[in-house]
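Chains, contacts and geometry: an overview
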Amino acid sequence: MEWGIINKDNFKSIYDVPIKRWDPLSTVSIRAKGFGIQGERIRYYGHYSYLSPIRGKRPKGFKTIEKKIELHECTEKILNEVKDVFMAVTEGKPIYNDNGKRIGDGFTLIITEDEKRRDAPFLETPHRIKKVPDSCKALTLINRYPSMARIIDPDIYIYIVDNLPSHLKLARGINLVSLSRNFYPSLCFNLIPEEVLAGILISMKEAILYCVQEAIERDYYDIPVSPFFNIGSKVGGSQPRIHGQVYIDLNMDGHGSRLEGYLEAFKEMGDNCHLCETTHGDTDRIILNSKYWTFYTTGSPVRNYHIRFHPNEHIRRFSQLNINQIHDLAKSLKIIFMALDDIEIDKNRNILFNCCPFGYDADFHMFGDIIPHEIIGGAEMADDMRVARKLPHIAAAEIRKAISP
Ligand SMILES: [Zn+2]
């Protein structure tokens, strides 16, 4: 089921396919017609899980690089020492490690090379690409180990629908990976050039637009899109190279409860958008106010040093960011990550982008979260609640001081 392809050659049992399961104890059908959701189909919001056996098969390349970073810290020496699975893709040939073991075969489906469109998002045959030119900054690929099925043989689809228990459904969608063309370790933000980081965001944006456009042509609609970065093995990153991911959910069955909260909150704000109007606690929680972005420590952190950021312009989606906003975002993220490094915050961090789904006619101001890794308590797992020690305005002061000592 690699690359989200289910066909007669690889299909064995209905429990080998990626599944989406809504939790019956926290799922309700959507009443909010106000989001422009149309049609007869029943939609939900609540808690759901993707269950995907193939996710467990992805190669893990983090241990060696984490050891090397410990040895050399984040010095340029690391850049030439590491071989990873993505090198087989960018070089267009199999790559072997120092012990002669093959770590990547080079087969891929490449959606964008920088902003240039390459393979069609619903293409069925992975292939080797020619060596990617050194001038290229970033690529976006179809994730080889996805949580959702992208292409399904029609006969097998009917068989799965007929045989899966009714509370389970085949998870459909596109999972993307955006990575730098050359190797830069995600845990060493100081080594990642600003234009490479911007390149990843640009490639990601163009790939989202390409995939959604092709999905709409195939009659998919109301599409939640979640771009994110898992930086470090403790927060879900399985590869040491800096990379972002995008989940494009094509199940057309609604959205998660957190997104429901955001959608309802923006609806209630109406014309008085909180992000457009607030000063974030009389500015003492603001960390960085650039021309295009505002970064601040959120007053209700889910972890200590939880940072929120939003474009100063009221736009709904990541894919609406223009080139100036993207370059400024790359620059600002780098400044903030290096400041967090300076005050010794865990280098394992998530960056999440919260966006209005495609097809929803909802008011929304896109925003992001930077969440450093921490061990989380039990009561917190059971509820939508978190306990943090650090007062947000003090965290903000510490980060501001690290940015401009
Ligand atoms: Zn706004």
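Parameters and conventions
- Residues numbered from 1 in each chain as written.
- Predicted model: local features only at pLDDT ≥ 70, side-chain atom pairs only at ≥ 80, totals over all residues.
- Heavy atoms only, no water.
- Helix = DSSP H or I, 4+ residues; strand = E, 2+ residues; numbered from the N terminus.
- Rg over C-alpha atoms; globule rule 2.2 N^0.38 Å.
- Contact = heavy atoms within 4.5 Å.
- Areas by Shrake-Rupley, 256 points an atom, 1.4 Å probe, with all protein chains shown as cover.
- Lys, Arg positive; Asp, Glu negative; His and termini not counted.
- Charge placed at Lys NZ, Arg CZ, Asp CG, Glu CD.
- Donors = N, O, S within 2.8 Å, 3.2 Å for Na, K, Ca; no water.
- Tetrahedral: all angles 85-135°; square planar, octahedral: opposite > 155°, others 65-115°.
- Buried < 20%, exposed > 50% of the residue type's maximum accessible area, 1.4 Å probe, protein only.
- Core = buried A, V, L, I, M, F, W, Y, C linked by side-chain atoms within 4.5 Å.

1. Thoughts on the overall build of the chain
Within the chain, the regular secondary structure consists of ten helices and 21 strands. In terms of C-alpha radius of gyration, the chain reaches 21 Å, essentially the compact-globule figure of 22 Å for 405 residues. Taking the principal axes of its C-alpha atoms as reference, the chain extends roughly 60 × 55 × 40 Å. Here the contacts in the chain between residues at least 6 apart in sequence split such that 73% fall between residues at least 24 apart. In the structure as shown, the chain presents an accessible area of about 18,800 Å², 50% of it carried by carbon and sulfur atoms. Each charge sign in the chain was given a centre, from 53 positive and 53 negative side chains, and these centres are 5 Å apart.

2. Description of the coordination of the zinc ion
Looking at the zinc ion, one finds its protein donor set to be Cys 273 (SG), Cys 276 (SG), His 314 (ND1) and His 365 (ND1), positioned 2.0 to 2.3 Å from the metal centre. Viewed at the metal, the four donor atoms of the zinc ion are separated by angles of 106 to 115 degrees, and the geometry they form is tetrahedral. Each donor residue of the zinc ion belongs to the same chain, with the gaps between them written as C-x2-C-x37-H-x50-H. Placement of the pair is Cys 273 in the loop between helix H6 (257-269) and helix H7 (274-277) and His 314 in the loop between strand E19 (307-311) and helix H8 (323-342), with a sequence separation of 41 residues. Here His 314 falls in the partly exposed class, since its relative accessible area comes to 30%.

3. Quick look at the nonpolar core
A general trend in soluble globular proteins is that nonpolar side chains are found buried together. In terms of nonpolar packing, the biggest core is built from 76 residues, with Phe 295 and Ile 370 touching the most fellow members. Excluding residues within four positions of it along the chain, Phe 295 makes contact with Arg 285, Ile 286, Ile 287, Leu 288, Ile 307, Arg 308, Phe 309, Leu 329, Ser 332, Leu 333, Ile 336 and Ile 370. The next biggest cluster of nonpolar side chains, apart from the first, holds 14 residues, and it includes Phe 35, Leu 263, Cys 273 and Ile 286.

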